[in-house]
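This is what each chain is made of:
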Amino acid sequence: MPFPFTNGDVLTAADLNASSGLVLVKSQTITGTPTSVTITDAFSSTFTNYRVMGVNLDYSTTGDEVDMELGTGGVHASLYYGVISRYPFSGTINDVQYTNAAPMAISYTNGSINAGIVCVDIYAPYLSSFTSWAGTAGGIRGMRVNGFFNTSTSFTAVTFECTVGTFVSGKFLVYGYNDG
Amino acid sequence: MAEWTREGLEAVTPFDSATRQIGDEIVPMTREEYDAWIARAVGQEKPADDDPPEATP
């Protein structure tokens with residue numbers, strides 16, 4: 001049945017499945033003060049592409065980088081390619097290129113404001129193909145990121161890791177892009 | 001520009017307080033994980049002093 005639906009339409013499962021855009025896969029609240037947060041069971045065969053959001057993020061430090069690693073943390077030492085643009089509160093905006101590097105920065109720590117955010121689209125993490133991503137992050141400082149992982153690996157999890165200090169509070173949300 | 005040292009990083013997050021969250025589970029970092037995590041940040045540029053003051057709720 002074509003969208004938009006009208007009064008009296010009898011909807012099937014196929015209609016409903018086709019009408020949703022972003023579908024919430026998982027919500028994971030930060031507990032304690034971990035140095036890293038691994039979102040388990042984030043990716044599966046249900047969706048191909050995902051949006052991962054971190055909201056109301058608070059940290060024990062301010063202005064240090066937060067890395068994103070596919071899978072569980074502390075595994076990869078290379079194969080990350082991409083570029084980040086750093087947007088400080090004041091001073092010079094600069095770009096950093098990653099070539100066959102360890103997991104790359106995706107955000108800055110933002111202490112005490114409870115308003116740090118991460119928003120990253122991750123493409124095909126569960127497929128046995130290259131995984132790529134593009135994202136933005138904000139708070140006291142901002143960051144724009146794009147990159148890819150240069151080998152064919154299937155992932156079910158993603159990890160966000162403070163390079164200095166810890167998370168204090170906040171929540172991560174994983175949405176799947178419904179492609180019909 | 002100042003850089004993070006091992007001593008400075010260990011003062012911010014001592015080993016006995018370092019944990020990882022995996023799903024809903026909190027897991028203490030092993031010594032090996034901790035040392036690797038600290039080593040990655042040694043030499044990283046410290047945040048500049050021009051950050052704004054922390055917000056007051």
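A. The overall build of chain B, seen in detail. If you tally the helices and strands in chain B, you get two helices and two strands. The helix and strand sequence of chain B, counted from the amino end, reads α-β-β-α. When the 57 residues of chain B are sorted by exposure, 21% land in the buried category.

B. Quick peek at the overall build of chain A. The helix and strand tally for chain A stands at one helix and 12 strands. Its C-alpha atoms give chain A a radius of gyration of 18 Å, near enough to 16 Å, the size a compact globule of 180 residues would have. Seen along its three principal axes, the alpha-carbon backbone of chain A occupies a region of about 60 × 35 × 30 Å. The burial tally for chain A puts 43% of its 180 residues in the buried class. For chain A, long-range pairs separated by at least 24 residues make up 75% of all intrachain contacts whose partners lie at least 6 apart in sequence.

C. Spotlight on the interface of chain A and chain B. Tallying the contact residues gives 29 residues for chain A and 25 residues for chain B. The residue makeup of the side of chain A that touches chain B, split by class, is nine nonpolar, 19 polar and one charged.

D. Geometry of the nonpolar core. All names here are of chain A. Core analysis: the largest hydrophobic core is formed by 46 residues, its most contacted members being Tyr50, Ile106, Val120 and Val158. Sort the elements by how many residues they give to this core and strand 12 (residues 167-177) lands first, with five residues. Sequence-distant contacts of Ile106, that is, excluding residues within four places in its chain, are made with Val66, Asp67, Met68, Val118, Val120, Gly135, Ala137, Met143 and Val145.

E. Main features of the sheet that holds strand 6 (residues 94-101) of chain A. All names here are of chain A. The sheet built from eight strands is open, its strands ordered 1-12-3-8-9-10-5-6 with antiparallel pairing. Only two strands of the sheet have a single neighbouring strand rather than two, namely strand 1 (22-29) and strand 6. In this sheet, adjacent strand axes meet at a mean angle of 15 degrees when their direction is disregarded.

F. View of the sheet that holds strand 7 (residues 105-108) of chain A. With mixed pairing, six strands are arranged side by side in an open sheet as 7(A)-4(A)-11(A)-2(A)-1(B)-2(B). Edge positions in the sheet fall to strand 7 of chain A together with strand 2 (25-28) of chain B, since each has one partner strand and no second. Neighbouring strand axes in the sheet, compared pairwise and without regard to direction, differ in orientation by 20 degrees on average.

G. Up close: the environment of Val120 of chain A. Residues and elements named next belong to chain A. Relative to the elements of secondary structure, Val120 occurs in strand 8 (residues 116-123). Sequence separation of Val120 and Phe148 is 28 residues, and the distance between their C-alpha atoms is 12 Å. Among all residues touching Val120, those that are not within four sequence positions of it are Val52, Met68, Ile106, Trp133, Gly135 and Val145.

The rules behind each value
Residues numbered from 1 in each chain as written. Chains lettered and ligands numbered in written order. Predicted model: local features only at pLDDT ≥ 70, side-chain atom pairs only at ≥ 80, totals over all residues. Helix = DSSP H or I, 4+ residues; strand = E, 2+ residues; numbered from the N terminus. Buried ≥ 20, exposed ≤ 12 C-beta atoms within 10 Å, placed from the backbone. Rg over C-alpha atoms; globule rule 2.2 N^0.38 Å. Contact = placed C-beta atoms within 7 Å. Nonpolar A, V, L, I, M, F, W, Y, C, P; charged D, E, K, R; others polar. Core = buried A, V, L, I, M, F, W, Y, C linked by C-beta atoms within 7 Å. Pairing = 2+ DSSP bridges. Axes fitted to C-alpha atoms, helices over the stretch in contact; angles between N-to-C directions.

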